[in-house]
Amino acid sequence: MATLTEKLDILKVDLGRGKDVSIINLVDSLIEKAHVSRVSDIHIDPSIQNVKVRFRIDGVLQEAFLFPKTIHGEIISRIKVLAKLRTDEHQATQDGRFRHSFTETGEFVDLRVSIVPTYHGENVVMRLLSDKAESFSLEALGFSLGDQKKILEAMRKPSGMILATGPTGSGKTTTLYTLIKMLNSPEVSIVTIEDPIEYAVTEVEQIQVNSKTGLTFANGLRSILRQDPNIIMVGEIRDAETANIAVNTALTGHLLLSTLHTNDAATTLPRLLDMGIEEYLVASTVSIAIGQRLVRKICDTCKKEIKISQAVKESLAGTAFGKLIKKDSKFYKGEGCENCGGSGFKGRICINEVLVADEVIREAIMRKASASEIKNIAVSKGMTTMLEDGFQKVIDGHTTIEEVLRVVRE
């Protein structure tokens, strides 16, 4: 029986020979190939002559297939039909989602679709969603024992804010879902408002933002408060209005979880001040701020020990990494194999920092201290920075120096 890759290659050859092919089979095969290859996003990019299909695997885009431009319209139409979007609209952005079932295994995958018009035609990005957050734990995500303890202490409080921060694609939402799963019990009411809902969580009330009906984060949060919740998750604090309602929600006896786009944990606190939140409100509501990035894990199948030259060690001597290196430290890399698609990496893990808003940090917030000063205070109180956590994961054999430097960029 032909593999999915072989099926797609046969379809591509038939197209090149001018033969008619089933667009339904082509789209289905693309989705199935993406699913078995651990792809998070499928990019379908049109150019003058071709349609390029790229897969994002472990956070990195890779070119997968190249199809002739003649079938671009049919591919787009098929995806629009699946996602219940308008097939006669070609000059406006459209968003939708659908579920694809695998007939041979009985499994399924949910896909979120985004279509935008570009100079060479409509561009599609399909995100493959799964229920993987249901099986995650703080340890599996990559949090150290010390950071797990800090997070668990914040989760035990009946009120306050737990904020996950970082750029797009840094795993913030997965971290929040993991916390929600840990907090979920019959004794508490949990309500979320998200854009979009990434994973369905059993026994949790999840609300989808809908700008067409006026259901924004801010308006939704107001409505949620009338639902008698104990715990609230807001997908993202995007504006001053949402920030203000979120802070007041945490102040009135609710545990609130949310995300912010900041570079590190320390920048979270001045960011809230920039949004117009009063200093005393930030100081009295924020429990912890989690800064994080995702790094690729070395493939266990082709993992091998390597030696770092003395010159490299000397160049890193003055850094956080240099302080962690010991004489018996071992370093690894993946050579590339069939199991990891030749990349040397398989899967991802968080590198993170957890800033606890203790009394000293609160005093710094009250006097509007800078992010760098807050970070220095937190480090002096025992916070492990993202860079240090990343280097520790290098020492532990989970990833490489190059991978840590690629995502932290310090």
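What you see is a predicted model; the values in this text were computed from it and never measured. (Residues numbered from 1 in each chain as written. Predicted model: local features only at pLDDT ≥ 70, side-chain atom pairs only at ≥ 80, totals over all residues. Heavy atoms only, no water.)

A separate point is the sheet that holds strand E3 (residues 60-68). Backbone-to-backbone hydrogen bonds join strands into a sheet, with any given pair of strands oriented parallel or antiparallel. Read from one edge of the open sheet, six strands run E3-E2-E1-E6-E5-E4, paired in antiparallel fashion. Each having just a single partner strand, E3 and strand E4 (94-101) make up the two edges of the open sheet. Each strand of the sheet is rotated relative to its neighbour by a mean of 20°, with strand direction disregarded. Across four bridges, the pairing between strand E1 (residues 39-46) and strand E6 (residues 121-129) is antiparallel. Bridging across to E6, His43 finds its partner in Val125. Across the face of the sheet, helix H3 (residues 72-82) comes into contact with E1, strand E2 (50-57), E3, E4, strand E5 (108-118) and E6 while running at roughly 45° to E6. (Pairing = 2+ DSSP bridges. Helix = DSSP H or I, 4+ residues; strand = E, 2+ residues; numbered from the N terminus. Axes fitted to C-alpha atoms, helices over the stretch in contact; angles between N-to-C directions. Contact = heavy atoms within 4.5 Å.)

In total, this model carries three aromatic pairs according to the counting rule given. Between the aromatic rings of Phe65 and Phe67, the centroid separation amounts to 6.1 Å while the plane-to-plane angle is 10°, which identifies the pairing as stacked. With a relative accessible area of 5%, Phe65 lands in the buried category. For Phe67, a relative accessible area of 1% puts it in the buried group. Considering the side-chain rings of Tyr177 and Tyr199, the 4.9 Å spacing of their centres and the 75° angle between planes classify their relative orientation as edge-to-face. Taken as a pair, Tyr177 in helix H6 (residues 172-183) and Tyr199 in the loop between strand E8 (190-194) and strand E9 (205-208) lie far apart in primary sequence, 22 residues in all. (Phe/Tyr/Trp six-rings, centres within 6.5 Å; stacked < 30°, edge-to-face > 60°. Buried < 20%, exposed > 50% of the residue type's maximum accessible area, 1.4 Å probe, protein only.)

Let's shift gears to the pattern of salt bridges. Summed over the entire model, instances satisfying the criterion amount to 20 salt bridges. Among the ionic pairs, Lys150 bridges to Asp147, the shortest N-O distance being 3.8 Å. A residue pair is termed a helical-turn pair when its members lie 3 or 4 positions apart in one helix, as Lys150 and Asp147 do in helix H5 (residues 145-156) at three residues. What makes Asp147 buried here is its relative accessible area of 3%. (Salt bridge = Lys/Arg side-chain N within 4 Å of Asp/Glu carboxyl O.)

Turning our eyes to something else, we now look at the pairing of E2. What you see with E2 is a clean split: Val51, Val53, Phe55 and Ile57 sit on the buried side and Asn50, Lys52, Arg54 and Arg56 on the side with no burial. As defined by bridge partners, E1 adjoins E2 across seven bridges and the pair is classed as antiparallel. For Ile42, the partnering residue across the bridge sits in E2 and is Phe55. Connecting the antiparallel pair E2 and E3 is a turn made up of two residues, with Asp58 showing a positive phi of about 50°.

Residues Met161, Ile237, Leu269, Val282, Leu355, Ile361 and Ile374 are the most contacted members of the largest nonpolar core, which totals 41 residues. Aside from chain neighbours lying at most four places away, what touches Met161 is Ile237, Ala246, Val247, Ala250, Leu256, Thr285, Val286, Ser287 and Ile288. Membership of the second largest hydrophobic core comes to 30 residues, among which are Val27, Ala83, Val109 and Val124. (Core = buried A, V, L, I, M, F, W, Y, C linked by side-chain atoms within 4.5 Å.)

This part takes up the sheet that holds strand E10 (residues 231-234). Overall, mixed pairing links the seven strands, which are arranged E9-E8-E10-E11-E7-E12-E15 in an open sheet. Pairing within the sheet leaves two strands with one partner each, and these edge strands are E9 and strand E15 (345-356). Strand after strand, the sheet turns through a mean of 20° between neighbouring axes, direction not considered. Along the sheet face, helix H7 (residues 217-224) touches E8, E9, E10 and strand E11 (255-260) and points at about 165° away from the line of E8. Its contacts with the sheet place helix H16 (residues 401-408) against strand E12 (286-298) and E15, and it is angled at close to 135° to E12.

Attention shifts here to the side chain of His100. Relative to the helices and strands, His100 resides in strand E4. Those residues in contact with His100 that lie beyond four places of it in its chain are Asp28, Ile31, Glu32, Glu107, Phe108, Val109 and Leu111.

Turning our eyes to something else, we now look at the pairing of E4. Only one face of E4 is buried, namely the one carrying Gln94, Gly96, Phe98 and His100, since none of Asp95, Arg97, Arg99 and Ser101 on the opposite face is buried. Where E4 lies against E5, eight bridges are found, and the strand directions are antiparallel. Bridge assignment links Arg97 to a residue of E5, and that residue is Arg112. With antiparallel pairing between neighbouring strands as the criterion, E4 and E5 make up a hairpin whose turn holds six residues, including Gly106 at a positive phi of roughly 80°.

Let's shift gears to the environment of Thr173. Along the chain, Thr173 falls in helix H6. Since its relative accessible area comes to 30%, Thr173 is described here as partly exposed. Spatially, the C-alpha atoms of Thr173 and Thr259 are 7.4 Å apart, while their sequence positions differ by 86 residues.

Once that is clear, we can look at the packing of helix H13 (residues 359-366) against helix H14 (residues 371-380). In contact at an axis separation of 10 Å, H13 and H14 are set at 170° when each is read in the N-to-C sense. In terms of orientation, H13 lies roughly antiparallel with respect to H14. In this structure, H13 contributes Val360, Ile361 and Ala364 to the contact, and H14 contributes Ile374, Ile377 and Ala378. (Parallel < 35°, antiparallel > 145°, perpendicular 65-115°, else oblique.)

Take the confidence of the model for the protein next. Across the protein, the average pLDDT comes to 89, with 92% of residues at or above 70. Ranking the elements of the protein by mean pLDDT puts helix H1 (residues 4-16) last with 56 and strand E7 (residues 160-165) first with 97. (pLDDT = per-residue confidence, 0-100.)

Structurally, the position occupied by Asp41 is in strand E1. In terms of polar contacts, Asp41 uses its side chain to reach the side chain of Ser40, at 2.9 Å. Separated by 2.9 Å, the side chains of Asp41 and Arg127 make a polar contact. Beyond its immediate sequence surroundings of up to four residues, Asp41 is in contact with Arg54, Phe55, Arg56, Val125, Met126 and Arg127. (Polar contact = N/O pair within 3.5 Å; in protein donor to acceptor, adjacent residues only side chain to side chain.)

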